[in-house]
Amino acid sequence: MKNIIKSAAVLLSIVALPSLSANAQVKSATSDKNEKSQMETKHYNNLQVNGLKIFYREAGPENAPVILLLHGYPTSSHMYRNLIPILSKKYHVIAPDLPGFGFSDAPDHLKFDYTFDNLAKTMQGFIDQLGLKRFALYVFDYGAPTGYRLALANPEKITGIISQNGNAYEEGLSTGWNPIQKYWKDPSKANRDSLKEFVSKESTWFQYHQGVSDPSLIAPETYTLDQHFLDRPGNIEIQLDLLKDYRTNVALYPKFQAYFRDKKPMMLAVWGNQDPYFLPAGAEAYKRDNPNATVKFYKTGHFALETHCNKIGADILEFLSKLPK
């Protein structure tokens, strides 16, 4: 009887082996699937910062190196919708909407001071609340003066900088800035009112299409969504306040340039060379102050990601792979 029981136990163990192996395979496959899901899933969150609701997009492994994407005018984090899936396979990507833009709060301009110092202060609160200790910084248009203020205040946090048509040099400003510079010199009501056309649907359409050789690459929801937010009651005054305050960014250019010289951050300038507002000379100037700056041009306009996202994404991934963790 003992021999029969012993033989049965051995037989059961042999039969059970394939089942255990199958369970292990299922567990491994589930783990791989969960890991893949974690990498591909995008989250849309809100964070209260200094009394404002700040909307942001987030994707990628939580323990991966962080890259913070700061948008510009007249758009929002929506401009990164195609870039985020490219970067989030290896990096933890965070893309907020600045106050007054996208899905973030846009309080009346009489209740919130729309200056770039204040945008940077809000973004400082944002990164502090998220507990971001180290991150690469991607800046575009208005995101550049906002992000460079953050870099000046947090040099120890910045692992590298990607500037996509994000200017820090006077030679990068085109003649398209002439009416705005006139307003800086004489902030009269007449000069302010003359800039209202800058917030029109025709101007928004122009910014997306100027310099683009194949207009069929421009998704219509881009400029349509941007214009939807620009057309909200009171938003035109918000934008005119920011246009007026942009003069403070030009005044800070020497400090930004000193930062590039002193800190020498690893830097990649990816530039649409047909941009009607920020000229290629502004991209080339980074190399004058920073030996660690690389410049790449793409034959397109202001919103280079709309036409060259895959190429720019590949160049950014190569750049990020060389940064300190």
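Conventions used here
Residues numbered from 1 in each chain as written. Predicted model: local features only at pLDDT ≥ 70, side-chain atom pairs only at ≥ 80, totals over all residues. Heavy atoms only, no water. Helix = DSSP H or I, 4+ residues; strand = E, 2+ residues; numbered from the N terminus. Expected span 1.5 Å × (residues − 1). Bend = angle between axes of the 7 residues up to and from the residue. Buried < 20%, exposed > 50% of the residue type's maximum accessible area, 1.4 Å probe, protein only. 1 Å grid on protein atoms, 1.4 Å probe; cavity = no way out; pocket = protein on both sides within 12 Å on 5 of 7 lines; lining within 4 Å. Points joined across faces, edges and corners; volume = space filled by probe spheres on them. Nonpolar A, V, L, I, M, F, W, Y, C, P; charged D, E, K, R; others polar. Pairing = 2+ DSSP bridges.

Turning our eyes to something else, we now look at helix α11 (residues 305-320). Residues that lie three or four places apart on an α-helix share one face, since the helix turns once every 3.6 residues. Given a rise of 1.5 Å per residue, 16 residues ought to cover 22 Å, yet the end C-alpha atoms of α11 are separated by just 17 Å, more than 12% below that figure. Largest kink in α11: about 45 degrees, centred on K311. Among all positions in α11, only L305, E306, T307, C309, I312, G313, D315, I316, F319 and L320 are buried.

Put simply, Y73 and P74 share a cis peptide bond, and its omega is -5 degrees. Locating P74 in the fold gives a position in the loop between β3 (66-70) and α2 (83-87). Here N165, not a glycine, exhibits a phi torsion of approximately 50 degrees, which is positive. Within the secondary structure, N165 sits in the loop between β6 (158-164) and α5 (178-185). Take N165: its relative accessible area is 0%, and that puts it in the buried class. Even without a glycine there, the phi angle at K264 is positive, about 50 degrees. For K264, the location among the structural elements is in the loop between α9 (235-263) and β7 (267-272).

Right, let's talk about empty space enclosed by the protein for a bit. Summed over all chains, the structure comprises 2 cavities of 30 Å³ or more. By volume, the largest cavity amounts to about 70 Å³. As for the largest cavity, its lining consists of Y73, D141, Y142, W177, F198, Q207, L243, Y277, F278 and H302. Across the lining of the largest cavity, the residue classes tally to 7 nonpolar, 2 polar and 1 charged. Size it by volume and the second largest cavity reaches roughly 40 Å³. If you trace the second largest cavity, you find it lined by P74, T75, G100, F101, G102, D226, F229, L230 and Q239. With 3 residues, the single largest contributor to the lining of the second largest cavity is helix α8 (residues 220-230). When grouped by side-chain class, the residues that make up the lining of the second largest cavity number 4 nonpolar, 4 polar and 1 charged.

Below, the discussion takes up the pairing of strand β4 (residues 92-96). Residues in a regular strand point their side chains to alternate faces of the sheet. With respect to burial, β4 is a largely interior element, 5 of its 5 residues being buried. Pairing between strand β2 (residues 52-59) and β4: 4 bridges, direction antiparallel. Within β4, the residue paired with Y56 across the bridge is P96. Bridging between β3 and β4 involves 3 bridges; their strand directions are parallel. Pairing of V66 across the sheet is with H92, part of β4.

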